[in-house]
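# Summary of structural features
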Amino acid sequence: MDAKEIISGYWDWRSQSYTNGSYGFEEEEKAVWKRELEPFLKNKGFRRVLDVGTGPGFMALILAEMGFDVTGVDISRGMIERARENALAMGLEVDFRHADGERLSFDDQSFDLLVNRHLLWTLPHPLEAVREWSRVLKDGGRILAIDGDWFDPSLSARIRRGISRAAARITSKNWPSIQSKFLDHYQGIREELPLFSQSKPERICSLFLEADLINVSFRHLEEVQKLHDKRGSVLSRLEYHEPTFLVMGDVVKREDRMR
């Protein structure tokens, strides 16, 4: 199997247990995310939003609650089914579709805003993906990429992950099978994923600039981190030591590209 088949196979399996949000999509967590997103959305006139790598629909459903017209895509059919179930349960209308986030079927300039969460590290071709995302955005459209430094190769990070996972194998019934399945799927393809161990905000900013985005910047999502520290376990705080971050980039207006 190629990398895409392996990735979709893993997330199909994970769709049965993957939590929609860190705490089951509780109101407190949704409110935190809405406050974190608002500065990047206000006064921009965005209407149509594409959530790439939507998973069980976490970001898509939050944005739908905020009043946007949202489409969500994912390479995993299992995740799309979960997202549709979540939308039905919440009484929200979101167009969820099975699709490869690196090769979108949408027409040029179909959306105002594109978001993704915890996606870039698992893409085989992140630069091509960002260029494809720019294609489906209107002039002046915006990309918001939310991620974390999940697989930092530094010694201190590897020690923290090792301690956390060793303890989780003892205390959690589900974690050993999840960790084993993850390694089975990703161990052989991690070298094909440029951001697997390089998912740092500075690296993603460089990627956005290489894809010709403008107004590129990043911000650590401190309120999300505070919630994680307050609600998460000691083990999760140990493993996910670095805060989640958001990288923003805007699409250059096409008339400006011709100058």
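In what follows, the structure referred to is the one given above.
Residues numbered from 1 in each chain as written. Predicted model: local features only at pLDDT ≥ 70, side-chain atom pairs only at ≥ 80, totals over all residues. Heavy atoms only, no water.

### Let's talk about the packing of aromatic side chains
The geometry of two aromatic rings is summed up by the distance between their centres and the angle between their planes. By the definition in use, this model includes twelve aromatic pairs. Measuring from ring centre to ring centre gives 5.0 Å for Phe 106 and Phe 111, while their planes differ by 90°; the resulting arrangement is edge-to-face. With 4.7 Å between their ring centres and 20° between their planes, Phe 182 and Tyr 186 make a pair best called stacked. Of this pair, Phe 182 and Tyr 186 both sit in helix H7 (residues 175-186), separated by four residues, roughly a single helical turn. (Phe/Tyr/Trp six-rings, centres within 6.5 Å; stacked < 30°, edge-to-face > 60°. Helix = DSSP H or I, 4+ residues; strand = E, 2+ residues; numbered from the N terminus.)

### Things to note about the pattern of salt bridges
For the coordinates displayed, the defined rule picks out 17 salt bridges. The residue Lys 4 makes a salt bridge to Glu 102 at a minimum N-O spacing of 2.9 Å. On the criterion of sequence distance, the pair formed by Lys 4 in helix H1 (residues 3-14) and Glu 102 in the loop between strand S3 (95-98) and strand S4 (111-117) is long-range, its members being 98 residues apart. As far as burial versus exposure is concerned, Lys 4 and Glu 102 are alike and both buried. Arg 47 is the partner of Asp 69 in a salt bridge, and the nearest nitrogen-oxygen pair spans 3.7 Å. Placement of Asp 69 in strand S2 (residues 69-74) and of Arg 47 in the loop between helix H2 (27-41) and strand S1 (48-52) is noted, with a sequence separation of 22 residues between them. (Salt bridge = Lys/Arg side-chain N within 4 Å of Asp/Glu carboxyl O. Buried < 20%, exposed > 50% of the residue type's maximum accessible area, 1.4 Å probe, protein only.)

### Here's the deal with the sheet that holds strand S6 (residues 214-220)
Strands sit in the order S3-S2-S1-S4-S5-S7-S6 across an open sheet of seven strands; the sheet is mixed. The open sheet has two free edges, formed respectively by S3 and S6, since each of these has just one partner strand. Averaged over all pairs of adjacent strands, the angle between their axes in this sheet comes to 15°, without regard to strand direction. Examined bridge by bridge, S4 and strand S5 (residues 137-147) share six bridges and lie parallel to one another. Bridge pairing links Leu 113 to Arg 142 in S5. Running over the sheet, helix H5 (residues 126-135) touches S1, S4 and S5 and is turned about 140° from S5. (Pairing = 2+ DSSP bridges. Axes fitted to C-alpha atoms, helices over the stretch in contact; angles between N-to-C directions. Contact = heavy atoms within 4.5 Å.)

### Let's talk about the packing of H2 against helix H3 (residues 58-65)
In the contact formed by H2 and H3, the axes pass within 10 Å of each other and the chain directions differ by 75°. Considering the angle they form, H2 stands roughly perpendicular to H3. Only Phe 58, Met 59, Ile 62, Leu 63 and Glu 65 of H3 make contact with H2, whose side of the interface consists of Glu 29, Lys 30, Trp 33, Lys 34, Leu 37 and Leu 41. Split by residue class, the contact of H2 with H3 holds seven nonpolar, no polar and four charged. (Parallel < 35°, antiparallel > 145°, perpendicular 65-115°, else oblique. Nonpolar A, V, L, I, M, F, W, Y, C, P; charged D, E, K, R; others polar.)

### Focus on a negative patch on the surface
Taken together, the side chains of Asp 2, Glu 5, Glu 191 and Glu 192 present a region of like negative charge at the surface. Relative to the elements of secondary structure, Glu 191 occurs in the loop between H7 and helix H8 (201-210). The exposed category is assigned to Glu 191, whose relative accessible area is 75%. (Patch = residues over 30% accessible without salt bridge, like charges linked within 9 Å, V, L, I, M, F, W, Y side chains within 5 Å. Areas by Shrake-Rupley, 256 points an atom, 1.4 Å probe, with all protein chains shown as cover. Lys, Arg positive; Asp, Glu negative; His and termini not counted. Charge placed at Lys NZ, Arg CZ, Asp CG, Glu CD.)

### Focus: unusual backbone geometry
Excluding glycine, a negative phi dihedral is what most residues carry, and trans is how most peptide bonds are arranged. With phi around 55°, His 118 is a residue other than glycine that occupies positive phi space. By secondary structure assignment, the location of His 118 is in the loop between S4 and H5. By relative accessible area, which is 21% here, His 118 ends up partly exposed.

### Observations regarding the side chain of Lys 30
Relative to the assigned elements, Lys 30 resides in helix H2. With a relative accessible area of 3%, Lys 30 lands in the buried category. Setting aside chain neighbours within four positions, we find Lys 30 in contact with Phe 25, Ile 62, Glu 65 and Met 90.

### Looking at the environment of Glu 128
If you trace the backbone, Glu 128 turns up in helix H5. Counting along the chain gives 83 residues from Glu 128 to Ala 211, while the straight-line C-alpha distance between them is 8.1 Å.

### Some details on the packing of H5 against H8
Following both chains from N to C, one finds H5 and H8 inclined at 55°, their axes separated by 9 Å at the closest point. The pairing of H5 with H8 is recorded here as oblique in orientation. In this structure, the crossing between H5 and H8 has a hand that is right-handed. Contact with H5, carried on its side by Pro 126, Leu 127, Val 130 and Arg 131, involves Leu 207, Phe 208 and Glu 210 of H8 and no other residues of that element. Here the contact of H5 with H8 is built from residues that sort into five nonpolar, no polar and two charged. (Left-handed = near helix turned anticlockwise from the far one by under 90°.)

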